[in-house]
Amino acid sequence: FPASSARFDAEQNGKRPTKEDGAMTPIQDVLVRSIPTLVLYDDNGLDIFNDITHVDEYYITNAEMQIFKDKSSEIAHTHVGNNGVLIELGVGSMRKTRYLLDAIVSQNKSVTYYALDLSAQSLTQSLQPLALQFPSIKFVGLLGTYDDSLLYIKEHLTRDENSTRTLLWLGTSIGNTTREEAAEFLARVKDCAMQEGDVLLCGIDRRNNASVVKAAYDDPKGVTRAFILNGLRHVEHIFGGERDELFPLSKFEYVSLYNAELGRHEAYYRSLEQQRVEVDVDNTSHVFEFEEGELIFIEYSIKYDGKDIKQLMDQSGLRWAKEWADQTERYSLHCFAK
Ligand code: AVI
């Protein structure tokens, strides 16, 4: 896709949103209004995302799973200490973590596993079966934002002299923040939760062929479309609206763009007609007006090649140590050290 696809659409409505219109995201040199990506992850969104991980075109999950299946033994041997601590940022579905825990147990290592997540339901659903399957591992869930949890780790988690920490940030979650935010976050992880000798295993999608990325983010069965459109339902719910009362799904569509030059997939809502949405927040009325064709930004999925990873290391202060790729060489698990 030409880098200007989004610009073309945004300019076509003739009226550029101004700063007063709310949160803005720059798309090339044009600002479009945006909704925080986090709205995609209400309970329904988490369920649909789980469905995405089973969609064939969404190669990411299988690629990462395959790396863990093939390399867990090596990873457990080299990068997990005995009496060590594993800290996973976000719990996900745990299908891949299982391979690593299996390898750790078969190497007779004892570890404590901390999982950080925003959703109590995800923590319980993920950790309970693992605790049953791996009785020798101690599981601890930390409920809150990543930043809350990192602060907690910094202030409350003591460590033995010899124990090392292995942090995990999987599923290319890094891609949902800008490159600058990602580097800042890694620097915080390094400062709050790591000391020399600790590692962060980070699953990151590569800058793949545009048609492969497009199929992954606009799959023929429409699972991704349902995931993104559910975000609008969630926004409606946050504003206290009934289903289809404020943001009728018949008046918006999902727009998927891959900007190969910048190495990122961009997800938007497009308003299919000129419309006016009035919402009430704490007895104050707010009006949002959308032009026909106007794009509203919802999600980046940013991809990384070798040069991007180097820049990430330079900016975060972490040191690149190793990389494992899946068989199709579309996806990498990187090992970053402090
Ligand atoms: C969770 N995250 C890494 C997914 C991604 O690939 O950006 C979310 C997603 N959005 C559309 N499909 C999947």
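Enquirer: What exactly am I supposed to notice about the packing of aromatic side chains here?
Expert: What describes a pair of aromatic rings is the distance from one ring centre to the other and the angle between the planes of the rings. Under the definition given, this model contains 14 aromatic pairs. Positioned above the aromatic ring of Tyr-304 is the side chain of Arg-179, whose terminal nitrogen or guanidinium carbon lies 4.8 Å from the ring centre. Here the guanidinium or amino end of Arg-330 rests over the ring plane of Tyr-59, the centre of that ring lying 5.4 Å away.

Enquirer: Explain the sheet that holds strand E13 (residues 319–325) to me, please; I cannot follow it from the model alone.
Expert: Within a sheet, adjacent strands bond to each other through the backbone by hydrogen bonds, running parallel or antiparallel. Taken in spatial order, the 7 strands line up as E5-E4-E3-E6-E7-E14-E13 in an open sheet, and their pairing is mixed. In the strand order of this sheet, the two ends are held by strand E5 (138–143) and E13, each with one partner. Ignoring which end each strand starts from, the neighbouring axes of this sheet average 20 degrees apart. Along the sheet, helix H5 (residues 120–133) makes contact with strand E4 (111–117) and E5, crossing E5 at roughly 180 degrees. Where helix H6 (residues 146–156) meets the sheet, it contacts strand E3 (84–89), E4, E5 and strand E6 (165–169), and its direction lies at approximately 125 degrees from that of E5.

Enquirer: Looking at this model, I keep getting lost on the pattern of salt bridges. Mind explaining?
Expert: Side chains carrying opposite charge are able to pair once their charged atoms draw close together. All told, the structure shown has 18 salt bridges when counted by the stated rule. Residues Asp-244 and Arg-233 are paired through a salt bridge, measuring 2.9 Å at the closest nitrogen-oxygen approach. Of the two residues, Asp-244 sits in the loop between helix H9 (223–238) and strand E8 (252–259) while Arg-233 sits in helix H9, which places them 11 residues apart along the sequence. Residue classification places Asp-244 among the partly exposed residues on the basis of a relative accessible area of 35%. For Glu-273, the salt bridge identified is with Lys-251, shortest N-O distance 3.7 Å. On the criterion of sequence distance, the pair formed by Glu-273 in the loop between strand E9 (264–271) and strand E10 (275–281) and Lys-251 in the loop between H9 and E8 is long-range, its members being 22 residues apart. According to the relative accessible area criterion, Lys-251 is partly exposed, its value standing at 27%.

Enquirer: Before we go on, may I ask you to explain the packing of helix H2 (residues 43–52) against H9 in this structure?
Expert: To characterise two packed helices, one gives the angle between the axes of the helices and the distance between these axes. Across the interface, H2 lies against H9 with an axial gap of 9 Å and an inter-helix angle of 160 degrees. Judged by the inter-axis angle, H2 sits roughly antiparallel to H9. For the crossing formed where H2 meets H9, the hand is left-handed. From H2, Asn-44, Gly-45, Ile-48, Phe-49, Asp-51 and Ile-52 reach across to H9, where they touch Val-223, Thr-224, Ala-226, Phe-227 and Asn-230. Per-class residue counts for the contact of H2 with H9 are 6 nonpolar, 4 polar and 1 charged.

Enquirer: When you look at helix H3 (residues 59–79) in this model, what are you seeing that I'm missing?
Expert: Since there are 3.6 residues in each turn of an α-helix, residues three or four apart along the chain are aligned in direction. If you check H3, its first and last C-alpha atoms are just 26 Å apart, much less than what 21 residues at 1.5 Å a residue would give, namely 30 Å. The axis of H3 is deflected most strongly, by about 65 degrees, at Lys-71. For H3, the complete set of buried residues consists of Tyr-59, Ile-60, Thr-61, Ala-63, Glu-64, Met-65, Ile-67, Phe-68, Ser-72, Ile-75, Ala-76 and His-79. In this fold, the buried residues of H3 make contact with helix H4 (97–106), E6, strand E7 (199–205), helix H8 (210–217), E13 and strand E14 (331–337).

Enquirer: Can you walk me through the pairing of E4 in this structure?
Expert: Walk down a regular strand and you will see the side chains alternate between the two sheet faces. The buried count for E4 comes to 7 of 7 residues, which makes it a mostly enclosed element. Here E4 shows two buried faces, one formed by Val-111, Tyr-113, Ala-115 and Asp-117 and the other by Thr-112, Tyr-114 and Leu-116. Sheet analysis places E3 next to E4, joined by 6 bridges and oriented parallel. Each residue of the ladder has a partner; that of Gly-84, found in E4, is Val-111. Bridge count between E4 and E5: 6 bridges; the pairing is parallel. Across the sheet, Thr-112 pairs through a bridge with Lys-138, a residue of E5. As for the winding sense of the linkage, the β-α-β connection from E4 through H5 to E5 is right-handed.

What counts, and at which threshold
Each chain carries its own residue numbering, running from 1 in the direction its sequence is written. Totals for whole chains, interfaces and linings use every residue, but because this is a predicted model, local features are given only for residues with pLDDT of at least 70 and side-chain atom pairs only at 80 or more, for both listing and counting. Excluded from the side-chain calculations are hydrogens and water; all other atoms, namely the structure's heavy atoms, are used. Side-chain rings of Phe, Tyr and Trp, where Trp is taken by its six-membered ring, are said to pair if the distance between their centres is within 6.5 Å; with planes under 30 degrees apart they count as stacked, over 60 as edge-to-face, and otherwise as tilted. Our definition puts a charge over a ring when NZ of Lys or CZ of Arg is within 6 Å of the ring centre and also within 35 degrees of the ring normal. Paired strands, as defined in this entry, are two strands with at least two bridges between them according to DSSP. Helical segments are the DSSP runs of H or I of at least four residues, strand segments are the runs of E of at least two, and each set is numbered from the N terminus. In this analysis, axes come from line fits to C-alpha atoms, helices being fitted only over the stretch in contact, and the angle between any two N-to-C directions falls in the range 0 to 180 degrees. Two residues qualify as a contact provided that any one of their heavy atoms is within 4.5 Å of a heavy atom in the partner residue. The term salt bridge refers to a pairing of a side-chain nitrogen on Lys or Arg with a carboxyl oxygen on Asp or Glu at a separation within 4 Å. The classification of residues rests on relative accessible area computed with a 1.4 Å probe and restricted to protein chains. Under 20% of the type maximum is buried, over 50% is exposed, and intermediate values are partly exposed. Each angle is binned into one of four classes, with values under 35 degrees roughly parallel, values over 145 roughly antiparallel, values of 65 to 115 roughly perpendicular, and all other values oblique. Handedness of a helix crossing follows the sense of rotation of the near helix relative to the far helix, less than a right angle counterclockwise being left-handed and clockwise being right-handed. Residues are grouped as follows: Ala, Val, Leu, Ile, Met, Phe, Trp, Tyr, Cys and Pro are nonpolar; Asp, Glu, Lys and Arg are charged; all remaining types, including Gly, are polar. Expected helix span is given by 1.5 Å per residue-to-residue step, counting one fewer step than there are residues. The term bend refers to the angle at a residue between two fitted axes, each drawn through seven residues, those ending there and those starting there. Orient the strands so they point away from the viewer, and a crossover whose first-strand-to-second-strand path over the helix runs clockwise is right-handed.

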